[in-house]
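Summary of the model geometry
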Amino acid sequence: MPARGLERDGIAPYVFLAPLLVLLIAFILYPVLMNLVASFTEWKGYGPMKWIGLANYRAMLADAGFWTSLWNTGILVCYIPVSVVVTVFVSALLREGLPGWKAYRAILYIPNLLGLVIIGVIFSVYLRDDGPLNLLLTWAGGPKLRFLTSPWLAINAVAVIKVIWIHLGFGLIYFLAAMNGIDAGVYEAALLDGAGFFQTLWRVTVPSIRFAIEFWVVFNFIEVFARMFSLIYTLTQGGPGYATFTLEYGIFSQGFQKFRVGYSSAWSTVLFLFCAAISFAQIRLMRRSHV
Amino acid sequence: MRSGSSLAAGWRVLVQVLLVVLVVASLLPLYSVIAASFKTADEYVTSPFLPPRAPTLDAYAYSLVSARLLQYAVNSLVLVPVGLVLYLAVCIAAGYAFGKMRFRLRLPLFLLVLFLTIFPQLLLATQVFKLTSLLHLTNTAAGVILSWVAYFSPFGTYIMTTYFRDMPYELVEAARIDGASPTRILVQVMTPLAGPMIATIAIIGFQSMWNELPFSLLILQNQGSRTLTLGIAMMRGEFGLRVPILSAAVVIAMAVPLLLFLLFQRRVTLGVTAGAIKG
């Protein structure tokens, strides 16, 4: 593109951007900044705001629910490497060419289409103590598992559904596309050198799709920190107790169920810091991959 | 499992088995909800998993009429397309500006858009609610549509930007020499050429809005104005609601995204890689 001055297009680009920018400022930027202000106040979400300094933050640090929410997020994060290993491994197997893969691909993609509310409602029935999955387990001679009523199982069930189950088909298509971009000659060379499947995977495939893997990790961090609410709301409502609370759900619970908006804004600040860090990581990755 | 490019036969069988297991794991929850939706409440209690003995549409009739799902579906089928048109207009215009135009604030503004793409809706919810009530948009279609377009546009803009940026610059230059205004270049030259990518973000936008919960939960407080997704989320919380009725509601709500997928399968799965990887 010929360089002809920075403002060559005059005012037109600003006009084209105006709708986006107005919406962004009103619905995203201003809310994020106002949360920060609200976190220093006592406020019900309506009526007057009363400045109380750091009291909300002190209360938050003394709140067991807050620490449980962080801990739960940590558990969810632990599933991200699992997701990477499983999806990359299965994709590598599929890359070898498997008859009938196209049909599998369409089926495995279905969960990704359904939306978190539908998925949450489906699993809220499917995983009940007397639900279909437990019936199958007992038929198979296994134990009954309290997926949604035992705290430890509940958060792990949420993690498996969100990090593994929903995105499996999506991940396979994504990594297969990335692997298709690898020069076939590299594989032939590896074959000539007598490299086995695992060696090829580790030495050739994984380094070649490093960007895709990094994107996948960042994408999953976004999902875990910023896209959990609708699933938790419909699947467990945060329960049992605080067992499936995340920061998002805590903000909802404190702000919209208990009307402690000032206090919930302190949680928002913590969530904001995490998301800002993830966002920076994503931008760095995007800029690096477009060099 | 020795050879690199062609797997041994035994290994191949193992992969097939693995895939079948994954497919079963993906479909079993969906099967069970579909099976339940054709049962009576009594049959579900005694047999929650097996196929229905005497399939009945009672649960569908109940959820469509008494549980007002038909009304919610109509609401969604009005709100989402209107939102989608606005979303496309916003994303195409902004994507073109970022992708093909020169202006001083291009990079800082683009980075701002990227930065704001991922923030969770709950982080914004309080103020979005305050804003909509300030503008008297609570319980209105306009309120929820604006919040959707605002929240989902940054990602669509990003995808359109990468697409427009990779288009040959000569197209713009030629139109400019012909004396076309920037608006004409965008509407009559670039937008038609960007058709495939517009279809992709249309599908992404449709899915996002169709499945959206937090903003509709806060803004649409009249029962009559609920979207399908919101209606189902609220049904889930109703005490003592029978499983077949809830299941029928879920199947009805699944129908639209699944139909879309059947019609546009290739484009939907292509969207997976849109704007994601380059190198």
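Rules behind the numbers
Residues numbered from 1 in each chain as written. Chains lettered and ligands numbered in written order. Predicted model: local features only at pLDDT ≥ 70, side-chain atom pairs only at ≥ 80, totals over all residues. Helix = DSSP H or I, 4+ residues; strand = E, 2+ residues; numbered from the N terminus. Rg over C-alpha atoms; globule rule 2.2 N^0.38 Å. Buried ≥ 20, exposed ≤ 12 C-beta atoms within 10 Å, placed from the backbone. Contact = placed C-beta atoms within 7 Å. Nonpolar A, V, L, I, M, F, W, Y, C, P; charged D, E, K, R; others polar. Axes fitted to C-alpha atoms, helices over the stretch in contact; angles between N-to-C directions. Parallel < 35°, antiparallel > 145°, perpendicular 65-115°, else oblique. Core = buried A, V, L, I, M, F, W, Y, C linked by C-beta atoms within 7 Å. Left-handed = near helix turned anticlockwise from the far one by under 90°. Expected span 1.5 Å × (residues − 1).

Section: the overall build of chain B
Broken down by element type, chain B carries 14 helices and zero strands. Starting at the N terminus and ending at the C terminus, chain B contains elements arranged as α-α-α-α-α-α-α-α-α-α-α-α-α-α. In terms of overall dimensions, chain B is more spread out than a globule: its C-alpha atoms have a radius of gyration of 23 Å, far above the 19 Å expected for 279 residues. Seen through its C-alpha atoms, chain B measures out along the principal axes to roughly 75 × 65 × 30 Å. Taking all 279 residues of chain B together, 48% fall into the buried category. In chain B, 76% of the contacts between residues at least 6 apart in sequence involve partners at least 24 apart.

Topic: the overall build of chain A
Per the secondary structure count, chain A includes 14 helices and two strands. Each principal axis of the C-alpha atoms in chain A carries an extent, and together these give about 75 × 75 × 30 Å. Counting all 291 residues of chain A, 44% fall into the buried class. Across chain A, the fraction of contacts at a sequence separation of at least 24, relative to all contacts at a separation of at least 6, is 70%.

A word on the interface of chain A and chain B
Listed as interface residues are 89 residues of chain A and, on the opposing side, 78 residues of chain B. By residue number, the principal contributor to the side of chain A that touches chain B is helix H1 (residues 12-38) of chain A, which donates 18 residues. The residue makeup of the side of chain A that touches chain B, split by class, is 68 nonpolar, 15 polar and six charged.

A look at the packing of helix H3 (residues 58-66) of chain B against helix H13 (residues 243-263) of chain B
In a packed pair of helices, the relevant descriptors are the angle between the two axes and the axis-to-axis distance. Residues and elements named next belong to chain B. At a minimum axis distance of 8 Å, the contact between H3 and H13 shows a crossing angle of 75°. As far as their axial angle goes, H13 and H3 are roughly perpendicular. Across the interface between the two elements, Ala59, Tyr60, Tyr62 and Ser63 of H3 pack against Pro244, Ile245, Ser247, Ala248, Ala249 and Ile252 of H13. When grouped by side-chain class, the residues that make up the contact of H3 with H13 number eight nonpolar, two polar and no charged.

Description of the nonpolar core
Residues Ile118 of chain A together with Ile232, Ala249 and Val250 of chain B are the most contacted members of the largest nonpolar core, which totals 160 residues. No other element matches the 15 residues that helix H4 (residues 69-100) of chain B contributes to this core. The contact partners of alanine 249 of chain B, leaving out residues within four places of it in the chain, are Ser63, Ala67, Leu69, Ile232 and Met235 of chain B.

As for unusual backbone geometry
Going from glycine 239 of chain A to proline 240 of chain A, the amide bond is cis rather than trans, its omega being -5°. You can see proline 240 of chain A is positioned in the loop between helix H12 (229-235) and helix H13 (247-257). Unusually for a residue other than glycine, histidine 136 of chain B sits at a positive phi of about 55°. Secondary-structure assignment places histidine 136 of chain B in the loop between helix H6 (121-134) and helix H7 (141-165). A positive phi angle is found at asparagine 139 of chain B, which is not glycine, with a value near 65°.

Section: the environment of tryptophan 267 of chain A
Residue and element names in this part refer to chain A. Inspection of the secondary structure puts tryptophan 267 in helix H14 (residues 261-289). Distance from tryptophan 267 to glutamate 214, taken between C-alpha atoms, is 28 Å for residues 53 residues apart in sequence. In this structure tryptophan 267 touches Met60, Phe66, Leu247, Gly250, Ile251 and Gln254, once residues within four positions along its chain are discounted.

Observations regarding the packing of helix H4 (residues 101-113) of chain A against helix H1 (residues 9-37) of chain B
It is at 9 Å that the axes of H4 of chain A and H1 of chain B come closest, and there the two elements cross at 35°. Handedness of the H4 of chain A/H1 of chain B crossing: left-handed. Residues Tyr104, Ile107, Leu108, Ile110 and Pro111 of chain A of H4 of chain A form the contact with H1 of chain B, whose participating residues are Leu19, Leu22, Val23, Ser26 and Leu27 of chain B. Tallied by class, the residues present in the contact of H4 of chain A with H1 of chain B amount to nine nonpolar, one polar and no charged.

Comments concerning the environment of alanine 125 of chain B
Residues and elements named next belong to chain B. One can find alanine 125 in helix H6. The buried category is assigned to alanine 125, around which 28 C-beta atoms lie within 10 Å. Residues alanine 125 and phenylalanine 115 lie ten residues apart in sequence; the distance between their C-alpha atoms is 18 Å. Leave out the neighbours within four places in its chain, and alanine 125 touches Pro214 and Leu218.

Quick look at helix H5 (residues 106-116) of chain B
Buried within H5 of chain B are the following residues: Leu109, Val113, Leu114 and Leu116 of chain B. The inward-facing, buried residues of H5 of chain B contact H1 and H14 of chain A together with H7 of chain B.

Quick notes on H4 of chain A
One turn of an α-helix holds 3.6 residues; hence residues three or four places apart share an orientation. All names here are of chain A. The terminal C-alpha atoms of H4 lie 19 Å apart, and with 13 residues this matches the ideal 18 Å at 1.5 Å per residue to within 8%. Buried within H4 are the following residues: Leu108, Tyr109, Pro111, Asn112 and Leu113. Just past H4, the residue glycine 115 takes up positive phi, approximately 90°.

Brief notes about the environment of glycine 156 of chain B
All names here are of chain B. Within the element layout of this structure, glycine 156 appears in helix H7. In this structure glycine 156 comes out as buried when scored by C-beta crowding, with 29 C-beta atoms within 10 Å. With 107 residues separating them along the chain, glycine 156 and leucine 263 place their C-alpha atoms 21 Å apart. Apart from the residues lying within four places of it in its own chain, the contact partners of glycine 156 are Tyr87, Cys91, Ile201, Ile204 and Gly205.

Just distances and angles here, no functional claims.
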